[in-house]
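As a plain string of letters, each chain reads:
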Amino acid sequence: MARNKHPEETVNFILDVAFRLFMEKGYEYTSIQDIIDQLGGLSKGAIYHHFKSKEDILVAVTDRMTAESNQMLADIRDRTDLCGREKLRTIFKSSINRPVQNDIFTVAPDFHNNPRLLFSLLHDTIEEAAPNYILPIIEQGIADGSIETDYPKQLAELILLAANVWMNPMIFDSTVEESCRKFMIFGQMLRGFGLDIVDDEMLARLRELTSIYQRNR
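Quick caveat: nothing in here was measured; it's all calculated off a predicted structure. (Residues numbered from 1 in each chain as written. Predicted model: local features only at pLDDT ≥ 70, side-chain atom pairs only at ≥ 80, totals over all residues. Heavy atoms only, no water.)

S.K.: Just to check I follow, could you spell out the overall build of the chain for this structure?
M.R.: The helix and strand inventory of the chain stands at 11 helices and zero strands. When the elements of the chain are put in sequence order from the N terminus, they spell out α-α-α-α-α-α-α-α-α-α-α. Here the C-alpha coordinates of the chain stretch approximately 60 × 35 × 25 Å along the principal axes. Nonlocal contacts in the chain, meaning residues at least 24 apart in sequence, comprise 68% of its contacts between residues at least 6 apart. On the chain, roughly 11,300 Å² of surface is accessible, and the fraction owed to carbon and sulfur atoms is 52%. (Helix = DSSP H or I, 4+ residues; strand = E, 2+ residues; numbered from the N terminus. Contact = heavy atoms within 4.5 Å. Areas by Shrake-Rupley, 256 points an atom, 1.4 Å probe, with all protein chains shown as cover.)

Now the structure itself:
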């Protein structure tokens, strides 16, 4: 295949191929050469024109996979029929039940060997997701009386760090049992803030996702 004259199409083609290989072989077992071999004649230079490394490709694949999630968070944040506490519950339930989560936990990159990827997750959690999605909901909850806290910014960060990092089995290589125990403590912590927003259905889904990760390690 000749190099596409449209850079966006070329990038999407590379990401399509990389995503399929990551799903089939796993990120750690997919090489740049594997990706090149599936590009139908697109050159190595074409890849490195857009991506500096395989890790950069993974970041782009992950960004594309989570774009839908960001739109979902914005849609829930902007709803007018829910109070702040109900919006948090809806976000947790919708996030964990997204079908794309199966893909993410199947790809399961090794965060221990990818410090840049881990930093990106931490940065996005604190600098993007917490202030843009969770904080406005907590502030609404304070205003409508469904959430009580004197520290909305810190609570938003704590909730997301616990959910996205501490409970993430891909970061700590948690077993199914350990993930479930963390979830139980997470629920207790939220109830301490008056936020009874996680339930047994979410716990079962976390168990399923952790099992997917463990099978594909």
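S.K.: I tried to follow the packing of helix α8 (residues 152–166) against helix α10 (residues 176–192) on my own but got confused; where do I start?
M.R.: A packed helix pair is summarised by two numbers, namely the angle formed by the two axes and the spacing between the axes. Running from N to C, α8 and α10 point in directions that differ by 175°, and their axes come no closer than 11 Å. It follows that α8 is roughly antiparallel to α10 by the angle criterion. Residues L158, I159, A162, A163 and W166 of α8 lie in contact with α10, whose contacting residues are K182, I185, F186, M189 and L190. In terms of residue class, the contact of α8 with α10 is made up of nine nonpolar, no polar and one charged. (Axes fitted to C-alpha atoms, helices over the stretch in contact; angles between N-to-C directions. Parallel < 35°, antiparallel > 145°, perpendicular 65-115°, else oblique. Nonpolar A, V, L, I, M, F, W, Y, C, P; charged D, E, K, R; others polar.)

S.K.: When you look at the packing of helix α1 (residues 7–25) against helix α4 (residues 54–77) in this model, what are you seeing that I'm missing?
M.R.: Two numbers describe how α1 lies on α4: the axes approach to 10 Å, and their chain directions differ by 95°. Between α1 and α4, the angle falls in the class roughly perpendicular. Within the contact between the two elements, α1 uses N12, I14, L15, D16, A18, F19 and F22 and α4 uses K54, I57, L58, A60, V61, R64 and M65.

S.K.: What is the right way to look at the pattern of salt bridges in this model?
M.R.: Side chains carrying opposite charge are able to pair once their charged atoms draw close together. Taken as a whole, this structure holds nine salt bridges when the rule is applied. We note a salt bridge from E177 to R181, for which the minimum N-O separation is 3.5 Å. Taken together, the positions of E177 and R181, both in helix α10 and four residues apart, correspond to about one turn of that helix. Two residues, E208 and R205, come together in a salt bridge whose shortest N-O distance is 3.0 Å. Placement of both E208 and R205 in helix α11 (residues 200–215) is noted, with a separation of three residues, approximately one turn of the helix. A relative accessible area of 38% places E208 in the partly exposed class. (Salt bridge = Lys/Arg side-chain N within 4 Å of Asp/Glu carboxyl O. Buried < 20%, exposed > 50% of the residue type's maximum accessible area, 1.4 Å probe, protein only.)

S.K.: Help me out: how do you make sense of the packing of aromatic side chains in this one?
M.R.: As enumerated under the stated definition, the model contains two aromatic pairs in all. With a centroid separation of 5.3 Å and an interplanar angle of 75°, the aromatic rings of F22 and Y27 are classed as edge-to-face. The residue whose ring lies beneath K54 is Y27, and the NZ or CZ to ring-centre distance is 4.3 Å. (Phe/Tyr/Trp six-rings, centres within 6.5 Å; stacked < 30°, edge-to-face > 60°. Lys NZ or Arg CZ within 6 Å of the ring centre and 35° of its normal.)

S.K.: Hey, could you run me through the environment of K44 in this one?
M.R.: As for its placement among the helices and strands, K44 is situated in helix α3 (residues 44–50). Assessed through its relative accessible area of 43%, K44 is described here as partly exposed. Measuring from C-alpha to C-alpha, the distance between K44 and I32 comes to 8.5 Å, with 12 residues separating the pair along the chain.

S.K.: So what exactly am I meant to see when it comes to the side chain of D34 here?
M.R.: On the secondary structure map, D34 appears in helix α2 (residues 32–37). A polar contact is formed between the side chain of D34 and the side chain of K25, at a distance of 2.8 Å. Non-local contacts of D34, meaning those with residues more than four positions away in its chain, are made with L21, K25 and Y29. (Polar contact = N/O pair within 3.5 Å; in protein donor to acceptor, adjacent residues only side chain to side chain.)

S.K.: Looking at this structure, I do not really get a nonpolar patch on the surface. What am I missing?
M.R.: Judged by side-chain polarity, W166, F172 and I185 come together as a nonpolar surface patch covering roughly 290 Å² of accessible area. By secondary structure assignment, the location of F172 is in helix α9 (residues 169–172). (Patch = residues over 30% accessible without salt bridge, like charges linked within 9 Å, V, L, I, M, F, W, Y side chains within 5 Å.)

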